[in-house]
Amino acid sequence: MQKLLTFALIAFLTQMMDGALGMGFGLTSSSILLAYGLAPAVASASIHMSQIATTAASGYSHYRFGNVDLRLVVLLAVPGALSAFCGAAFLSHISGEIIRPYISIFLLGLGVYILVRFLMMNQQTKKTTPTRKLKKVFLVPLGMIGGFLDSVGGGGWGPVNTPVLLSRSGMAPRKVIGTVDTSEFLVTVSATLGFLIFLGWEQLSWLLVWSFIIGGVVAAPIAAWLVKLLPSTILGVLAGGFIILTNARTLLHSLHLEDTTTALVYTVLISSYILVILHSTKKHLKFKQTFVRKQA
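Residue positions are given per chain, counted from 1 along the sequence in the order it is written. This being a predicted model, a pLDDT of at least 70 is required before a residue's local features are given, and a value of 80 or more before pairs of side-chain atoms are given or counted; all residues contribute to the totals for chains, interfaces and linings. Just so you know, side-chain values use all the structure's heavy atoms and leave hydrogens and water out.

1. Comments concerning the overall build of the protein
Here comes step 1: Helix numbers and strand numbers start at the N terminus; a helix is a DSSP run of H or I with at least 4 residues, a strand a run of E with at least 2. A count of helices and strands for the protein gives eleven helices and zero strands.
Here comes step 2: Mapped from its N terminus to its C terminus, the protein presents α and β elements in the order α-α-α-α-α-α-α-α-α-α-α.
Here comes step 3: Each residue is assigned to one of three classes by its accessible area relative to the maximum for its type, calculated with a 1.4 Å probe on protein chains only: buried under 20%, partly exposed between the two thresholds, exposed over 50%. Counting all 296 residues of the protein, 52% fall into the buried class.
Here comes step 4: Excluding contacts between residues fewer than 6 apart, the proportion of contacts in the protein whose partners are at least 24 apart in sequence is 86%. A contact between two residues is defined here by any heavy atoms of the two lying within 4.5 Å.

What follows is the structure, encoded as structure tokens:
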């Protein structure tokens, strides 16, 4: 029961981040499960099984709130689903002990990317850029890359697609996030099918699956509603830093360093994380005060 509540709380918090940022559920969950000692394929398979429910709830919620571009959903989801199936087949045939450090490096790199991106992001007011109609020749490869990385890393669809669409489409952030979250449903179904075929039902952690379904489904509609209200810069920094910390733990463990060295490295990382959070919060509050003065 304690594990059920713990994993459900993790799913609730990570789905809140995912629904508000368009990324975070798979990466954060995968990082935690790898730190718990689960094999990468088992962790990714369990996450994707639970995400069938959470992405369906999230996509429907975003659709109801008008946060979805259906054309982009189709053009991203179809190639993404095909490559996600291939990624599941690839990961299922590799030893967990061999690939675990490499998956952690991949996730840590995405964590650094997310943290830096949101740390350096300029606070925006009501300014918008004209919406551009992105072509298939651009969207299809983007979906394929995101789908493959999502299966292999247990998360990656959001971190690949959300920043690119934000920078290239000119769409409102809420619509980019809603579109990415909605398109992830088909990718998740395809990846899960691949894991079930190549890994088998018996390998999944069903306690974990149901815990994540409960927490994620409860959080999905709340996140879709709050996406217009929450400071995404602070949430992004929190998510990126947490992913870095959890995967750094896995990497340090695999290097078999002395306890004092490991403790020193982790102390530096945690201290840096706290400073970055404080800096991001201060930056957001300063922007808010400046914006209020201009409006007065």
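Moving on from the model shown.
2. Re the nonpolar core
Here comes step 1: Among buried residues, the Ala, Val, Leu, Ile, Met, Phe, Trp, Tyr and Cys ones that are joined through side-chain atoms within 4.5 Å form a nonpolar core. Judged by nonpolar contacts, the single largest core of 26 residues is most densely connected at Leu27, Leu91, Ile103, Phe195 and Leu204.
Here comes step 2: At the level of elements, α2 (25-36), α3 (40-64), α4 (70-92), α5 (96-120), α8 (173-198), α9 (206-226) and α10 (232-255) are the ones that each hand at least two residues to this core.
Here comes step 3: When residues of this core are assigned to their parent elements, the largest contribution, eight residues, is made by α5.
Here comes step 4: With residues near it in sequence (within four places) discarded, Leu27 still touches Leu107, Leu110, Ile114, Gly154, Gly155, Gly156, Pro159 and Ile243.
Here comes step 5: Formed by 15 residues, the second largest nonpolar core is a distinct cluster that contains Leu72, Leu134, Leu142 and Val180.

3. Thoughts on the packing of aromatic side chains
Here comes step 1: In this analysis, rings of Phe, Tyr and Trp, with Trp reduced to its six-membered ring, are considered paired at centre separations within 6.5 Å, and the interplanar angle assigns stacked below 30 degrees, edge-to-face beyond 60, and tilted for intermediate values. Taken as a whole, this structure holds three aromatic pairs when the rule is applied.
Here comes step 2: Ring centres 5.7 Å apart and planes at 15 degrees place the aromatic pair Trp201 and Trp206 in the stacked group.
Here comes step 3: Overall, Trp206 belongs to the partly exposed group, its relative accessible area being 33%.

4. A closer look at empty space enclosed by the protein
Here comes step 1: Of the two site types, the cavity is a set of points on a 1 Å grid over the protein atoms alone where a 1.4 Å probe fits but cannot get out, and the pocket is an open set with protein on both sides within 12 Å along at least five of seven lines, each lined by residues with an atom within 4 Å of a point. Grid points are joined across faces, edges and corners, and a volume is the space filled by probe spheres set on the points. Tallied over the entire structure, the rule returns two cavities of 30 Å³ or more.
Here comes step 2: Approximately 40 Å³ is the volume found for the second largest cavity.
Here comes step 3: Around the second largest cavity, the lining residues are Gln15, Asp18, Phe25, Gln51, Thr54, Thr55, Ser58, Asp181 and Glu184.
Here comes step 4: Elements with a minimum of two residues in the lining of the second largest cavity: α1 (2-21), α3 and α8.
Here comes step 5: With four residues, the single largest contributor to the lining of the second largest cavity is α3.
Here comes step 6: All amino acids are sorted into three groups, where Ala, Val, Leu, Ile, Met, Phe, Trp, Tyr, Cys and Pro are nonpolar, Asp, Glu, Lys and Arg are charged, and the leftover types, Gly among them, are polar. When grouped by side-chain class, the residues that make up the lining of the second largest cavity number one nonpolar, five polar and three charged.

5. Some details on α3
Here comes step 1: Here the expected length of a helix is defined as 1.5 Å per residue gap, with one fewer gap than residues. Look at α3: 34 Å from first C-alpha to last across 25 residues, which is about the 36 Å you get at 1.5 Å a residue.
Here comes step 2: Bend, in this description, refers to the angle at a residue between axes fitted to the seven residues ending there and the seven starting there. Gln51 marks the point of greatest bend in α3, at about 40 degrees.
Here comes step 3: Just downstream of α3 lies Gly66, where phi reads positive at about 75 degrees.

6. With respect to the packing of α3 against α8
Here comes step 1: The axes used here are C-alpha line fits, helices contributing only the stretch in contact, and every angle between their N-to-C directions lies in the interval 0 to 180 degrees. Interhelical geometry of α3 versus α8 gives an angle of 145 degrees and a closest axis separation of 8 Å. Remark: the crossing between α3 and α8 carries left-handed chirality. Here Ala41, Ser44, Ala45, His48, Met49, Gln51, Ile52, Thr55, Ala56, Ser58, Gly59 and His62 of α3 lie close against α8, whose contacting residues are Ile177, Gly178, Asp181, Thr182, Glu184, Phe185, Thr188, Val189, Ala191, Thr192, Phe195 and Leu196.
Here comes step 2: Across the contact of α3 with α8, the residue classes tally to eleven nonpolar, eleven polar and two charged. Crossing handedness: left-handed means the near helix sits turned counterclockwise from the far one by under a right angle, and right-handed means the same turn made clockwise.

7. A few points about a nonpolar patch on the surface
Here comes step 1: What goes into a patch is any residue over 30% in relative accessible area without a salt bridge, connected to like charges within 9 Å or, for nonpolar side chains (Val, Leu, Ile, Met, Phe, Trp, Tyr), within 5 Å. The Shrake-Rupley method, run with a 1.4 Å probe, gives the accessible areas here. Residue values count only the displayed protein chains as cover. A pair is scored as a salt bridge if a Lys or Arg side-chain nitrogen falls within 4 Å of a carboxyl oxygen belonging to Asp or Glu. A contiguous nonpolar patch, built from Val74, Val78, Leu82, Phe185 and Leu186 and spanning about 440 Å² of accessible area, is present on the exposed surface.
Here comes step 2: Of all elements in the fold, only α4 and α8 reach the threshold of two or more residues within the nonpolar patch.
Here comes step 3: Checked against the element boundaries, Val74 lands in helix α4.
Here comes step 4: For Val74, a relative accessible area of 52% puts it in the exposed group.

8. Re α8
Here comes step 1: For α8, with 26 residues, the first-to-last C-alpha span of 37 Å sits near the 38 Å given by 1.5 Å per residue.
Here comes step 2: The sharpest bend along α8 comes to roughly 30 degrees, located at Phe185.
Here comes step 3: Immediately beyond the C-terminal end of α8, within one or two residues, lies Gly200, with a positive phi of roughly 100 degrees.

9. Examining the packing of α4 against α8
Here comes step 1: Close contact between α4 and α8 brings their axes to 7 Å; oriented N to C, the two are set at 25 degrees. On the basis of the axis angle, α4 is roughly parallel to α8. The hand of the α4/α8 crossing is right-handed.
Here comes step 2: Among the residues making up the contact of α4 with α8, the classes are represented as 19 nonpolar, seven polar and no charged. Angles are sorted into four bins: roughly parallel if under 35 degrees, roughly antiparallel if over 145, roughly perpendicular if 65 to 115, and oblique for all others.

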